[in-house]
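Residue strings, one per chain:
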Amino acid sequence: AAAAGGVTTLIDMPLNSIPATTTVAALEEKVRAADGKLYVDCGFHGGVVPGNVDDLQPLADAGVFGFKAFLIDSGVPEFAAIGERDLRKSMSVIANTGLRLLVHAEIDAVSPPAPGPPNTYASWLASRPRRWENRAIGLMVRLSEEFDCPVHIVHLSSADALVLLKRARARGVRVTVETCPHYLYFAAEEIEDGNTLLKCAPPIRETANRERLWGALEVDHIDMIVTDHSPSPAEMKFVESGNFRKAWGGIASLQVGLAATWSVARSRDTSIEDVSRWMSAEPANLVGLFGRKGVIRPGADADLVVFDLDAAFEVQSSSLFDRHKLSPYEGRRLFGVVEKTFLRGAPVFDRGVITGSPRGEVLRRTEL
């Protein structure tokens, strides 16, 4: 799916596959599982959970590219949310590794409105208010400044937090931020009740909020666009009942994220150079791969994508390479067709077909 979507390098998040990458033993189990099966390159993030502070330095030494923590229930029991007390212990260690702490920034300390009908999108949106994000980001800015620990806010949804982030960066706080294709393509007013394929956390917000996210990208107040690919089996999405409370929260977008982003960008007269910077150069820089990845120049990996800017296609599940062929983009007409993808100069995808045997490599930060 990555190769078909023009993505040549993945950095795996530490949860939603078992074992969670919270120990070196778990990391090595995943590395063994990937052996001989990668069509693109893949690195790994380590996980930060209560009680694993002693595992962080060993994970860094084993080559993870960063660390990920949740400030709210992650949805899986093996990856518990972390509070300020454990954050302080962990960030003092992470600051000395030279790596970055990636944070799912929501804190549910302030009660949302009383829940409405479980199958309405309005109820889901109201259940994860912007103030949860804003509060969490405020905490992470404060701790990043105190410990001089680089922090990255993943999948920003609330545009209200942009002012806080801008002020923090102006005074030298080492905080970066991303948003995702689904926050830039969809809007809450357009989501039908029961369409749980569009459930994610934080939720997709209103049209005006989407416009502010685009505006922030265009003036570099948001650093990058990352898929936050989070697929699931159909039964976990509760598609038939449309129950947002029970459905898995995550958007499957790895294969179509580039086209979805470009489809909106071109309508705003945003250049493909900007999209390339947001989706390639900046993510590579975030994890310390820039120079090898995210750039075309002598000595780099020659990871290349042939991308037809003007061609359009309709997203169909039959053309997706995902194991679980569920996509909220199903039936959407998108612009931008990935014709070919090259990994280190060799073709891995050519006009709808995966080419050759798996030649992707496991990447370790310590071996760059």
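Residues numbered from 1 in each chain as written. Predicted model: local features only at pLDDT ≥ 70, side-chain atom pairs only at ≥ 80, totals over all residues. Heavy atoms only, no water.

Undergrad: Sorry if this is basic, but what is going on with the overall build of the protein here?
TA: Helix and strand counts for the protein stand at 11 helices and 12 strands. Over its C-alpha atoms the protein spans a radius of gyration of 20 Å, differing by no more than 12% from the 21 Å that the globule rule assigns to 368 residues. Its C-alpha atoms put the protein at 50 × 50 × 40 Å along the principal axes. Classification of the 368 residues of the protein by burial places 51% in the buried group. Partitioning the intrachain contacts of the protein with sequence separation of at least 6 by distance along the chain shows that 73% fall at a separation of at least 24. Within the structure as shown, the protein displays about 15700 Å² of accessible surface, and the carbon and sulfur contribution to it stands at 51%. The protein carries 41 positive and 47 negative side-chain charges, and their two centres are separated by 3 Å. (Helix = DSSP H or I, 4+ residues; strand = E, 2+ residues; numbered from the N terminus. Rg over C-alpha atoms; globule rule 2.2 N^0.38 Å. Buried < 20%, exposed > 50% of the residue type's maximum accessible area, 1.4 Å probe, protein only. Contact = heavy atoms within 4.5 Å. Areas by Shrake-Rupley, 256 points an atom, 1.4 Å probe, with all protein chains shown as cover. Lys, Arg positive; Asp, Glu negative; His and termini not counted. Charge placed at Lys NZ, Arg CZ, Asp CG, Glu CD.)

Undergrad: In this structure, what is going on with the sheet that holds strand S4 (residues 67-70)? I would like to understand it.
TA: Backbone-to-backbone hydrogen bonds pair the strands of a sheet. The strands run either parallel or antiparallel. Here six strands make up an open sheet; going across it, the order is S3-S4-S5-S6-S7-S8 and the pairing parallel. The sheet is open, and its two edges are formed by strand S3 (46-47) and strand S8 (224-225), each paired on a single side. (Pairing = 2+ DSSP bridges.)

Undergrad: Help me understand the environment of Ser 276, please; the structure alone is not making it clear to me.
TA: As for its placement among the helices and strands, Ser 276 is situated in helix H11 (residues 272-286). Residue class for Ser 276 comes out partly exposed when judged on its relative accessible area of 41%. C-alpha of Ser 276 to C-alpha of Trp 248: the two residues are 28 residues apart in sequence and 30 Å apart in space.

Undergrad: Is there a simple way to think about the pairing of strand S7 (residues 175-179) in this case?
TA: By the criterion of burial, S7 is predominantly enclosed, with five of the five residues buried. The side-chain alternation of S7 yields two buried faces, one formed by Val 175, Val 177 and Thr 179 and the other by Thr 176 and Glu 178. One ladder, built from three bridges, connects strand S6 (residues 151-153) with S7; its direction is parallel. Considered in S7, the bridge of Ile 153 is made with Val 177. Once you follow S6 into helix H6 (residues 162-170) and on to S7, the crossover reads as right-handed. Pairing of S7 with S8, which is carried by two bridges, proceeds in the parallel orientation. Within S8, the residue paired with Glu 178 across the bridge is Met 224. (Right-handed = clockwise from strand over helix to strand, strands pointing away.)

Undergrad: Where do I start with the pattern of salt bridges in this structure?
TA: Oppositely charged side chains can pair when the atoms bearing their charge come close. Applying the stated criterion across every chain yields a total of 27 salt bridges. For Arg 169, the salt bridge identified is with Asp 223, shortest N-O distance 2.7 Å. Highlighted residues: Arg 169 in helix H6 and Asp 223 in the loop between helix H8 (207-218) and S8, separated in sequence by 54 residues. Each of the salt bridges in this network shares a partner with another, and the network as a whole consists of Asp 41, Arg 292, Lys 293, Asp 301, Asp 303, Arg 344 and Glu 361. (Salt bridge = Lys/Arg side-chain N within 4 Å of Asp/Glu carboxyl O.)

Undergrad: I keep staring at H8 and nothing clicks. Help me out?
TA: Compared with an ideal rise of 1.5 Å per residue, which puts 12 residues at 16 Å, H8 spans 17 Å between its outermost C-alpha atoms and is within 8% of the ideal. Where H8 is concerned, the buried positions are Asn 209, Arg 210, Leu 213, Trp 214, Ala 216 and Leu 217. All buried residues of H8 lie within an arc of 160° about the axis, which places them on one face of the element. Just past H8, the residue Asp 220 takes up positive phi, approximately 65°. (Expected span 1.5 Å × (residues − 1). Arc of directions from axis to C-beta.)

Undergrad: Could you clarify how one ought to interpret the pairing of strand S11 (residues 346-350) in this entry?
TA: Within a regular strand, the side chains alternate between the two sheet faces. When strand S10 (residues 333-343) meets S11, the two strands line up antiparallel, connected through four bridges. Looking at the pairing, Lys 340 lines up with Asp 350 of S11. Where S10 hands over to S11, the hairpin turn is made up of two residues, of which Arg 344 adopts a positive phi near 50°. Bridge analysis of S11 against strand S12 (residues 353-354) gives two bridges, and the strand direction is antiparallel. Bridged to Phe 349 within S12 is Ile 354. In sequence, S11 turns back onto S12 through a hairpin of two residues, with Arg 351 there showing a positive phi of about 50°.

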